[in-house]
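Residues per chain, in single letters:
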Amino acid sequence: MTHRHMVGALNNALDILMEKHDNTVLLGEDIGLDGGVFRVTDGLQDKYGSNRVADTPLAEAGIIGGSIGLAINGMRPIPEMQFSGFSYQAFHQFKQHMARFRQRSNGGIELPITVRAPCSGGIRALEHHSESPETFFIHTQGLHVVMPSTPTNAKGLLISAVESNDPVIFLEPKKIYRSFKEDVQDDYYNIELGKAEVVEEGTDLTLITYGAMRKVAQDTLEDIESKGVSAELIDLQTLWPLDTETILESVRRTGRAIVLHEAQKTLGFGAEISSRIHEEAILALQAPVKRVTAPDVPYPQFALEKYYLPNKKRLLNAVDEVMNF
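Reading the values: rules and limits
Residues numbered from 1 in each chain as written. Predicted model: local features only at pLDDT ≥ 70, side-chain atom pairs only at ≥ 80, totals over all residues. Heavy atoms only, no water. Helix = DSSP H or I, 4+ residues; strand = E, 2+ residues; numbered from the N terminus. Expected span 1.5 Å × (residues − 1). Buried < 20%, exposed > 50% of the residue type's maximum accessible area, 1.4 Å probe, protein only. Arc of directions from axis to C-beta. Contact = heavy atoms within 4.5 Å. Axes fitted to C-alpha atoms, helices over the stretch in contact; angles between N-to-C directions. Parallel < 35°, antiparallel > 145°, perpendicular 65-115°, else oblique. Left-handed = near helix turned anticlockwise from the far one by under 90°. Nonpolar A, V, L, I, M, F, W, Y, C, P; charged D, E, K, R; others polar. Salt bridge = Lys/Arg side-chain N within 4 Å of Asp/Glu carboxyl O. Pairing = 2+ DSSP bridges. Core = buried A, V, L, I, M, F, W, Y, C linked by side-chain atoms within 4.5 Å. Phe/Tyr/Trp six-rings, centres within 6.5 Å; stacked < 30°, edge-to-face > 60°. Lys NZ or Arg CZ within 6 Å of the ring centre and 35° of its normal. Polar contact = N/O pair within 3.5 Å; in protein donor to acceptor, adjacent residues only side chain to side chain.

Colleague: Please set out helix H3 (residues 60-72) residue by residue, giving values where relevant.
Modeller: Between its terminal C-alpha atoms H3 stretches 18 Å, which fits the 18 Å expected from 13 residues at 1.5 Å a residue. Turning to H3, its buried residues number three or more, namely Glu 60, Ile 63, Ile 64, Ser 67, Ile 68 and Ala 71. Burial along H3 is one-sided: seen end-on, the buried residues are contained in an arc of 135 degrees. Contacts from the buried residues of H3 go to strand S2 (24-28), strand S4 (76-80), helix H4 (91-98), helix H5 (101-104) and strand S5 (114-119). A positive backbone phi angle near 95 degrees is found at Gly 74, which sits one or two residues after H3.

Put into structure tokens, the structure is as follows:
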């Protein structure tokens, strides 16, 4: 075990994967010589060479298009989008090609591509560097979408993503890259895709979240308990395919649910989760599902981001609403 932050855990996972799989290659802007903007790939070019850890031009469509070609020809590429807000330059590659090749080829062509992309806000970054684009990719059927929340699940989920034969969008919340450490197993392990984690068990309320908002939820649990409320905390881990079974099993026991996420409210992923709960477990509900999200405005300049992001106060207000309905 080593005490690692998420950057260290992801770097360790990539090292293990590249050593285990000779056909694994990394490509992206500044990922080789500089080790990436956030140093996730630090040291890997020195160890595996520039043919396997390749610096690319500033051309997101080319990075993803090239990765598709590599995967068709037997490689297992792990391209990096320097920031998730830059991925829009390659969206035609995601939507029209990466998500559809298996269907287009009647199952004859698999694309084992894992696209890593730093996402979300909270680090006082510039415009287009703090967005939460997960619903764009979830709505692009044919892609798996994963968002880790801790160093431990970041490593295990990334290993599973890369070893999957499906294309995966692996979104990494920047705010928790280096904000805390935990003991992470040094050797190989994986965490199954498509399975949520029940972080804390409870009886009165189901709190569903993912990514950087897991830390916000965990930091609020003691305050929720002080209100006499027992909250069950679920971290989705894989956003698509969604582990609906774990969510519904919990809500049917607690009777109340709050969905907490950083993306905007309208057509955010909380809307889908809320709809599924109301469709499948409405008779168990004692209150409507409440969403705690960012407002429906563009991500602001960093001076205002603390007012934009969901926080403990807003979550506690939502708890009061659903408990007193």
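Colleague: Quick rundown of the packing of helix H8 (residues 213-226) against helix H12 (residues 312-323)? Include the residues and the values.
Modeller: Interaxial distance between H8 and H12 falls to 10 Å at its minimum, and their mutual angle equals 50 degrees. Here H8 lies oblique to H12, going by the angle between them. Of the two possible hands of crossing, H8 and H12 adopt the one that is right-handed. Of the residues in H12, those touching H8 at Val 216, Ala 217, Asp 219, Thr 220, Asp 223 and Ile 224 are Lys 312, Leu 315, Leu 316 and Val 319. When the residues that make up the contact of H8 with H12 are grouped by side-chain class, the tally is six nonpolar, one polar and three charged.

Colleague: Describe the pattern of salt bridges, and please don't skip the residues or the numbers.
Modeller: This structure, assessed with the given rule, holds 16 salt bridges. Arg 4 is the salt-bridge partner of Asp 186, the closest N and O atoms lying 2.8 Å from each other. Highlighted residues: Asp 186 in the loop between strand S8 (182-184) and strand S9 (197-200) and Arg 4 in strand S1 (residues 2-4), separated in sequence by 182 residues. The class for Asp 186 is partly exposed, based on a relative accessible area of 32%.

Colleague: Would you mind going over the pairing of S4 in detail, with residue names and values included?
Modeller: Consecutive side chains of a regular strand alternate in pointing toward one face of the sheet and then the other. Summarising burial for S4: five of the five residues are buried, a large majority. By the alternation rule, side chains of S4 split into Arg 76, Ile 78 and Glu 80 and Pro 77 and Pro 79, which are all buried. In this structure, S2 lies alongside S4, joined through five bridges in parallel fashion. Opposite Leu 27, over in S4, you have Pro 79 as the bridge partner.

Colleague: A description of unusual backbone geometry should follow, citing residues and the corresponding values.
Modeller: Cis geometry marks the peptide bond from Trp 240 to Pro 241, where omega comes out at 0 degrees. Along the polypeptide, Pro 241 turns up in the loop between strand S12 (238-240) and helix H9 (244-254). Its identity as a non-glycine residue notwithstanding, Asp 30 has a phi of 65 degrees, on the positive side. Its identity as a non-glycine residue notwithstanding, Ser 120 has a phi of 70 degrees, on the positive side.

Colleague: Outline the nonpolar core, supporting the account with residue identities and numerical values.
Modeller: Ile 64, Met 98, Leu 236, Ile 273 and Ile 277 are the most contacted members of the largest nonpolar core, which totals 42 residues. Here Leu 236 is in contact with Lys 195, Ala 196, Ile 208, Thr 209, Tyr 210, Leu 242, Ile 247, Phe 269 and Ile 273, once residues within four sequence places are set aside. Core analysis: the next-biggest nonpolar cluster, separate from the first, contains 33 residues, Val 7, Ile 78, Val 146 and Ile 159 among them.

Colleague: Talk me through the packing of aromatic side chains; I want residue IDs and the actual numbers.
Modeller: Across all of its chains, the model carries ten aromatic pairs by this definition. Centroid distance Phe 83 to Phe 86: 5.5 Å. Interplanar angle 70 degrees. Geometry classified as edge-to-face. Following the ring pairs from residue to residue traces out a cluster consisting of Tyr 88, Phe 91, Phe 94, Phe 136 and Phe 137. Across from the ring centre of Phe 101, 5.0 Å away, lies the NZ or CZ of Arg 104, which sits over that ring. The ring of Phe 180 is capped by Lys 215, whose NZ or CZ atom sits 6.0 Å from the centre of that ring.

Colleague: Can you break down the side chain of Arg 116 residue by residue, with the values?
Modeller: On the secondary structure map, Arg 116 appears in strand S5. Here Arg 116 falls in the buried class, since its relative accessible area comes to 2%. Of note is the side chain of Arg 116, whose polar atom sits 2.7 Å from the side chain of Glu 80.

Colleague: Outline the packing of helix H1 (residues 6-20) against helix H7 (residues 151-163), supporting the account with residue identities and numerical values.
Modeller: Describing two packed helices takes the angle between their axes plus the distance from one axis to the other. Packing of H1 against H7 brings their axes to within 8 Å, and their N-to-C directions diverge by 30 degrees. Between H1 and H7, the interaxial angle falls into the category roughly parallel. As for the relative orientation of H1 and H7, their crossing is right-handed in sense. Between H1, through Met 6, Ala 9, Leu 10, Asn 12, Ala 13, Leu 14, Ile 16, Leu 17 and Lys 20, and H7, the contact on the second element is made entirely by Pro 151, Ala 154, Lys 155, Leu 158, Ile 159, Val 162 and Glu 163. In terms of residue class, the contact of H1 with H7 is built from twelve nonpolar, one polar and three charged.

Colleague: Give me the sheet that holds strand S11 (residues 231-235): which residues, what numbers.
Modeller: Taking strand neighbours across the sheet as the criterion, the five strands line up as S9-S11-S10-S13-S14 in an open arrangement whose pairing is mixed. The open sheet has two free edges, formed respectively by S9 and strand S14 (290-294), since each of these has just one partner strand. Here the average twist between neighbouring strands, direction ignored, is 25 degrees. As paired strands, strand S13 (residues 257-264) and S14 are joined by four bridges and run parallel to one another. If you follow Leu 260 over to S14, its bridge partner there is Val 292. H8 rests against S9, strand S10 (205-209), S11 and S13 of the sheet, and its axis sits at about 170 degrees to S11. Strands in contact with H12 are S10, S13 and S14; relative to S14, the strand with the most contacts, it is inclined by about 165 degrees.

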